[in-house]
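# Structural overview
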Amino acid sequence: MNKRQIPVVVLAGFLGSGKTTLLNHLLHRSGGTRIGAIVNDFGSIEIDAMSVAGQLGDSTVSLGNGCLCCAVDASELDEYLERLAGPAAGIDVIVIEASGLAEPQELVKMVLASENPHIVYGGLVEVVDAAEFDATRERHPEVDRHLGIADLVVVNKTDRVPGAERERLLDVVRGLAGRAAVVAASYGRVDVELFFDRAPVGERVGQLSFDDLRDDDATADRADGASVAQDGDAVVLPGERAEGGCSGHAPHLHSAYESLSFASEAPLDPRRLMALLDSRPEGLYRIKGHVDFGASDPRNRYAVHAVGRFLRFYPEPWAPDEPRLTQLVLIGSGIDVAGLEKGLDACRADAPHTADEQGMWGVLRYVQEDEETAEADPEA
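Residues numbered from 1 in each chain as written. Predicted model: local features only at pLDDT ≥ 70, side-chain atom pairs only at ≥ 80, totals over all residues. Heavy atoms only, no water.

An unreviewed UniProt entry annotates the protein as Cobalamin biosynthesis protein CobW of Streptomyces alfalfae. You can read under Catalytic activity (unreviewed entry) in the UniProt record for the protein the words "GTP + H2O = GDP + phosphate + H(+)". (UniProt positions renumbered as here; feature names shortened; annotations may be inferred.)

### Remarks on the pattern of salt bridges
Enumeration over the complete set of coordinates arrives at 14 salt bridges. One salt bridge connects R137 with D144, and the closest N-O pair in it is separated by 2.8 Å. Take R137: its relative accessible area is 27%, and that puts it in the partly exposed class. Taking the shortest distance from any N to any O, the salt bridge between R299 and D297 comes out at 3.5 Å. Given the relative accessible area of 57%, R299 is considered exposed. (Salt bridge = Lys/Arg side-chain N within 4 Å of Asp/Glu carboxyl O. Buried < 20%, exposed > 50% of the residue type's maximum accessible area, 1.4 Å probe, protein only.)

### Looking at the sheet that holds strand β12 (residues 310–317)
Spatially, five strands are ordered β9-β13-β10-β11-β12 in an open sheet, and the strand pairing comes out antiparallel. The open sheet terminates on both sides in strands that have one partner only, identified here as β9 (258–264) and β12. For this sheet, the mean angle separating the axes of adjacent strands, direction not counted, is 10 degrees. Strand direction decides the pairing type here: strand β10 (residues 284–291) and strand β11 (residues 300–307), joined by six bridges, are antiparallel. Bridging across to β11, R286 finds its partner in V307. Against the sheet, helix α10 (residues 337–345) touches β9, β10 and β13 (326–332), its axis set at about 20 degrees to β9. (Pairing = 2+ DSSP bridges. Helix = DSSP H or I, 4+ residues; strand = E, 2+ residues; numbered from the N terminus. Axes fitted to C-alpha atoms, helices over the stretch in contact; angles between N-to-C directions. Contact = heavy atoms within 4.5 Å.)

### Brief notes about helix α4 (residues 104–113)
For α4, the set of buried residues is P104, L107, V108 and V111. The buried residues of α4 occupy an angular sector of 100 degrees when the element is viewed end-on, so they sit on one face. Considering only its buried residues, α4 is in contact with β1 (6–12), α3 (77–85), β5 (93–97), β6 (119–129) and α6 (143–149). (Arc of directions from axis to C-beta.)

### Observations regarding the environment of R312
Among the secondary structure elements, R312 is positioned in strand β12. Overall, the relative accessible area of 15% leaves R312 in the buried class. Measuring from C-alpha to C-alpha, the distance between R312 and Y302 comes to 9.7 Å, with 10 residues separating the pair along the chain.

### A look at the packing of aromatic side chains
If you walk through the whole model with that rule in mind, you get four aromatic pairs. Ring centres of Y302 and F313 lie 6.5 Å apart, and the angle between their planes is 75 degrees; this geometry places the pair in the edge-to-face category. With Y302 in strand β11 and F313 in strand β12, this pair connects stretches of sequence that are 11 residues apart. Classification of Y302 by relative accessible area gives buried; the value is 3%. In this structure F313 comes out as buried when scored by relative accessible area, which is 0%. Among the aromatic residues, those joined into a ring-pair cluster are F293, Y302 and F313. (Phe/Tyr/Trp six-rings, centres within 6.5 Å; stacked < 30°, edge-to-face > 60°.)

### Quick notes on the pairing of β1
Where burial is concerned, most of β1 is hidden: seven out of the seven residues are buried. Residues I6, V8, V10 and A12 line one face of β1 and the alternating positions P7, V9 and L11 line the opposite face, and both faces are buried. Of the strand pairs in this sheet, β1 and β6 are connected by six bridges, and their pairing is parallel. Across the sheet, the residue bridging to P7 is V120, located in β6. Pairing of β1 with β5, which is carried by four bridges, proceeds in the parallel orientation. Following the sheet pairing, V10 is matched in β5 by I96.

### Quick word on α3
Buried within α3 are the following residues: L77, Y80, L81, L84 and A85. All buried residues of α3 fall inside an arc of 125 degrees around its axis, so they share one side.

Now the structure itself:
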């Protein structure tokens, strides 16, 4: 079994919030990361799927930028997850764009209930239309519940809302979203690092992506070469200016979130780390990297994957000449970076050569039971 499982991100939001625009942004700013996009469209004509694919052909298409798009009914989800997550597909991340009338909680349950060993839940991203938010809540009061279960909330179209009203709106959304990270955006532009890791340069296999053929900064505001969105958002044409940037330059998307890189040559104490993770603060969206627990488990390092409330560890044997250290990256919005760093520093083990036999129990709660046996079974 591949311990680096493919994250499956559920992208939800009511009609017109800008989900397709955001997905197109991810597709064309992927940096070579191969994205499998499952579009759960509503109606007999799959407008959103055709928009994402950029053509009017079959509902399953392969794009030149290395993206695969499937227009499916929700009942077919597991079948398409199997297709996209297979090693032959070479997909790095799967994004499910839910219908504007779909119930995101049900899609999340389907992903979590999947027995596919190649995938891992990548979080629920809820997109809201800033200009229509109050009216949407009035028509669809269930939006409050959707925000309450989200891992990341993208408040889109903030360019259409005056400054004071925008701050009021963001405060309301943060109150409804609870622990979720909340990021403001225009034209669906969010930093892709919030969703997935870019493929390392030189490791891409297959066709060149659009990013290989154009300068990243000079064309970030252009819509030529990208699909036209059909989800109610405006399209930024060549030469037009997006909010937050100057003409010909990309807005500074990274200003919407904070990140912390943490490294430690000393092993971490499993009890202390789990106490920190179990009480992780509001707005902390992603945690990735690997942890050395020292004598508590000298055989393995533990890869960690956390998104919102979801957390999982993957034991991996140390390579013979691999330096033993912990390396973590934490990403969120409105997080206390200094406080998190102080908390991680406090997780360093005082006595790294003394094993705590019961200390790993908290970690093992987040390891799949069949993790080790599945690798030995080629049919798993």
